[in-house]
Amino acid sequence: MQDTDTRELVRMWISGWVVSRGAADPAPEPWGWSIDVGVAGQVARHVLPEPTEADVRKITEATSAPGTWLKLFAEDDTVRPWLGPEWRLDAPGFLMSLPLTAPERPEMPPGYTVTTWTRGGIVRALVRTEAGHLAARGQAGLAGAVAVPDQIVTAPEHRRRGLGSVVMRILQYEAHQTGAETAVLVGTPAGRELYTALGWTLHAPMASLVLEDLEDLEDNGN
């Protein structure tokens, strides 16, 4: 994976992300891809693996729908000056990858059980207590040889017990069993630490911005 360029890694990421989220197929653009998502707070997203100021300004000038997101693979400080105040800067992301090998299925910590299943191109892992309470969960979108872990969550009362790591390793194991060879994701700042500890390689930062409703901004005095 060290020799794979950012554009190809981003393509791999969105190929599994759209499966995981049930989004439309990515529409190729000269600057990257557009994806119709159609959920609350996210109408669509434009993904630019190598953003330029000219491309970003062209997109934003033609965009008026609140809930449109820009995923720009560059530092926040680089792209923020290219957009107006109606575009809110969200938490940064980090493009990471991991070759999938054939490890043994991870064992659960004492007091927890895990259920896994695959349906509709998505592998899911659900961790519960012995009493059946939700402790952690996660899923991965499968796209041929690519797996994209997504929505990894640990319940607050069960954090710092290694469950996030277990969920990730289980998803990696299950994805490999389906034939996936590479895992790609965009992690949060907190996730970046976890994934680095699990052997993932960091490739690029990602700035994330969303167009907010101008009326809401005016109502809030912003």
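Asker: Got a sec to walk through the overall build of the chain? Specific residues and values, please.
Answerer: Broken down by element type, the chain carries 6 helices and 12 strands. Relative to its length of 222 residues, the chain is compact, with a C-alpha radius of gyration of 18 Å against a globular reference of 17 Å. Buried positions account for 46% of the 222 residues belonging to the chain. Intrachain contacts of the chain at a sequence separation of at least 6 include 62% that bridge at least 24 residues. Surface exposure of the chain reaches about 11,200 Å², of which carbon and sulfur atoms provide 48%. Side-chain charges of the chain comprise 19 positive and 29 negative groups, with the mean position of each set lying 8 Å from the other.

Asker: Give me the side chain of Glu174: which residues, what numbers.
Answerer: Position of Glu174 relative to the elements: it lies in helix α4 (residues 163–177). Given a relative accessible area of 15%, Glu174 falls into the buried group. Look past the residues within four positions of Glu174 in its chain and what remains in contact with it is Arg105, Thr116 and Val123.

Asker: Go over the pattern of salt bridges with me, naming the residues and quoting the values.
Answerer: Inspection of every chain in the model, using the stated rule, returns 6 salt bridges. Salt-bridge contacts for Asp150 lead to Arg21; the nearest nitrogen and oxygen are separated by 2.6 Å. Residue Asp150 is found in strand β10 (residues 146–154), and its partner Arg21 is found in helix α1 (residues 6–21); the two are separated by 129 residues along the sequence. The closest approach of N and O atoms between Arg88 and Asp90, which form a salt bridge, is 3.2 Å. Classification of Arg88 as partly exposed rests on a relative accessible area of 33%.

Analysis parameters
- Residues numbered from 1 in each chain as written.
- Predicted model: local features only at pLDDT ≥ 70, side-chain atom pairs only at ≥ 80, totals over all residues.
- Heavy atoms only, no water.
- Helix = DSSP H or I, 4+ residues; strand = E, 2+ residues; numbered from the N terminus.
- Rg over C-alpha atoms; globule rule 2.2 N^0.38 Å.
- Buried < 20%, exposed > 50% of the residue type's maximum accessible area, 1.4 Å probe, protein only.
- Contact = heavy atoms within 4.5 Å.
- Areas by Shrake-Rupley, 256 points an atom, 1.4 Å probe, with all protein chains shown as cover.
- Lys, Arg positive; Asp, Glu negative; His and termini not counted.
- Charge placed at Lys NZ, Arg CZ, Asp CG, Glu CD.
- Salt bridge = Lys/Arg side-chain N within 4 Å of Asp/Glu carboxyl O.

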